[in-house]
Amino acid sequence: MRKKIVAGNWKMNLNRKAAFQLIETIDSLKFSNNVEVIIAPPSIYLESFLGKVKNFNISSQDVSANDNGAYTGEFSAAMLSSLSLKYSIVGHSERRLYHGETEEMIFNKAKQLLKSNMSPIYCCGELLEDRKSENHFKVVASQLQPLLDNLNSDELEKFIIAYEPVWAIGTGLTAKPSDAQDMHSYIRALIKEKFSSSIADQISIIYGGSCKPDNAKELFSMEDVDGGLIGGASLDADSFSAIINSF
Ligand code: 13P
């Protein structure tokens, strides 16, 4: 059975007081045992949250592609791992768009995480023009190619894949559940072709892009949608908990 996962990506939101209030509220909620809940707060809060929460995992939103050294402002996978963090998001479209991250950089970040025995939450997803020109499958396949070409199955098993169509992020537009299903099953087929069906069946593929309490149930009911990576709706405890309880 694949893990069901709901992860909240807070992005660059919430000052200290609001962030601590929200994390405490979420930690006091009861979730069903078979959903893994992950929160990715701004990195400045990571260490203090780690000592605080009991009911879910904490993730970084990003990590350096480098080992250590003169990289002002960055932090390494080894540093994250020394805090006992298990997860980091990599390749979010906002990092690709605003920070010029390339496939190579993103894959190097994932490799750094693997080296520190952490799990990448690896984001992929097409732009609106890719979907309009019906290139969305091709674009997502090319984003996942480095994983398929360079990893062994033990390494790939550590990944969570997040399909986030860029046109759906923060826009209120959501992929139709059937479109999400088509892409998730396509991604699973790519893994099956390169590895095996047992590996493909194990890897959780989660959906992100305006996932809200009113559409989560339908999205999560799709066979290959194993949960969500939630932006805006993860900043409100009621909405986030409703999404977690949508399986
Ligand atoms: P929204 O849920 O705000 O569309 O953001 C999705 C996202 O980018 C999660 O990483």
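Basis of the calculations
For every chain, the first residue of the written sequence is number 1, and numbering continues from 1 onward in sequence order. Reporting in this predicted model follows two pLDDT cut-offs: at least 70 for local features of residues, and 80 or more for side-chain atom pairs to be given and counted; totals over whole chains, interfaces and linings ignore these cut-offs and use all residues. As a rule here, side-chain values come from all non-hydrogen atoms in the structure, and water together with hydrogens is ignored. Each patch groups residues whose relative accessible area exceeds 30% and which form no salt bridge, using 9 Å between like charges and 5 Å between nonpolar side chains of Val, Leu, Ile, Met, Phe, Trp and Tyr. Per-residue and other accessible areas follow the Shrake-Rupley method at a 1.4 Å probe size, with only the shown protein chains counted as cover for residues. Any carboxyl oxygen of Asp or Glu that lies within 4 Å of a side-chain nitrogen of Lys or Arg is treated as forming a salt bridge with it. Burial classes: relative accessible area under 20% of the type maximum marks a residue as buried, over 50% as exposed, and values in between as partly exposed (1.4 Å probe, protein chains only). Near, as used in this document, describes a residue that has one of its heavy atoms within 4 Å of the molecule or strand being considered. Pairs of N or O atoms are called polar contacts if they sit within 3.5 Å, as long as, within protein, a hydrogen donor faces a hydrogen acceptor (for residues adjacent in sequence, only side-chain-to-side-chain pairs). Any residue outside Ala, Val, Leu, Ile, Met, Phe, Trp, Tyr, Cys, Pro, Asp, Glu, Lys and Arg is labelled polar, Gly included; the first ten of those are nonpolar and the last four are charged. To qualify as a helix, a DSSP run of H or I must reach at least 4 residues; to qualify as a strand, a run of E must reach at least 2; elements of each kind are numbered from the N terminus. Helix span is expected to be 1.5 Å times the residue number reduced by one. Between two residues, a contact is recorded if the distance between any of their heavy atoms is within 4.5 Å. Only rings of Phe, Tyr and Trp enter the pairing, Trp through its six-membered ring, and a pair is recorded when the two centres are within 6.5 Å. The plane angle decides the type: under 30 degrees is stacked, over 60 is edge-to-face, the rest tilted.

Comments concerning a nonpolar patch on the surface
Judged by side-chain polarity, Leu 97, Tyr 98 and Leu 127 come together as a nonpolar surface patch covering roughly 330 Å² of accessible area. Using a relative accessible area of 52% as the deciding quantity, one classes Leu 97 as exposed.

Looking at the site of the ligand
Residues in contact with the ligand, as listed here, are Asn 9, Lys 11, His 92, Glu 164, Ala 168, Ile 169, Gly 170, Gly 209, Ser 210, Leu 229, Gly 231 and Gly 232. One nitrogen or oxygen atom from the main chain of Ser 210 is found 2.7 Å from an oxygen atom belonging to the ligand. Between the ligand and Gly 232 there is a distance of 2.8 Å, counted from an oxygen atom to a backbone nitrogen or oxygen. Burial of the ligand by the protein chains amounts to 97% of its free accessible area of 310 Å². In the shell around the ligand, the residues fall into 3 nonpolar, 7 polar and 2 charged.

Some points on the pattern of salt bridges
Enumeration over the complete set of coordinates arrives at 17 salt bridges. Here Asp 62 makes a salt bridge to Lys 109, at a shortest N to O gap of 2.8 Å. Of this pair, Asp 62 sits in the loop between β3 (57-60) and α3 (77-82) while Lys 109 sits in helix α5 (residues 103-115), placing them 47 residues apart in sequence. Summarising the burial analysis for this pair, Asp 62 and Lys 109 share the class buried. Among the charged side chains, a salt-bridge network with shared partners connects Arg 2, Arg 188, Asp 224 and Asp 226.

Remarks on α5
Between its first and last C-alpha atoms α5 spans 18 Å; for 13 residues at 1.5 Å apiece the expected length is 18 Å, and the two agree. Among the residues making up α5, those that are buried are Ile 106, Phe 107, Lys 109, Ala 110, Gln 112, Leu 113 and Leu 114. Contacts made by the buried residues of α5 are with α3, β4 (87-90), α4 (93-98), β5 (119-124), α7 (136-150) and α8 (153-156).

Description of the packing of aromatic side chains
Within this structure, the stated rule accounts for 8 aromatic pairs. Plain terms: the ring middles of Trp 10 and Phe 49 are 5.8 Å apart, the flat faces sit at 80° to each other, and that makes the pair edge-to-face. Highlighted residues: Trp 10 in the loop between β1 (4-9) and α1 (16-28) and Phe 49 in helix α2 (residues 46-50), separated in sequence by 39 residues. For Phe 49, a relative accessible area of 0% puts it in the buried group. When the centroid spacing of 5.6 Å and the interplanar angle of 50° are considered together, the rings of Tyr 122 and Phe 159 count as tilted.

Just geometry here; none of it tells us what the structure is for.
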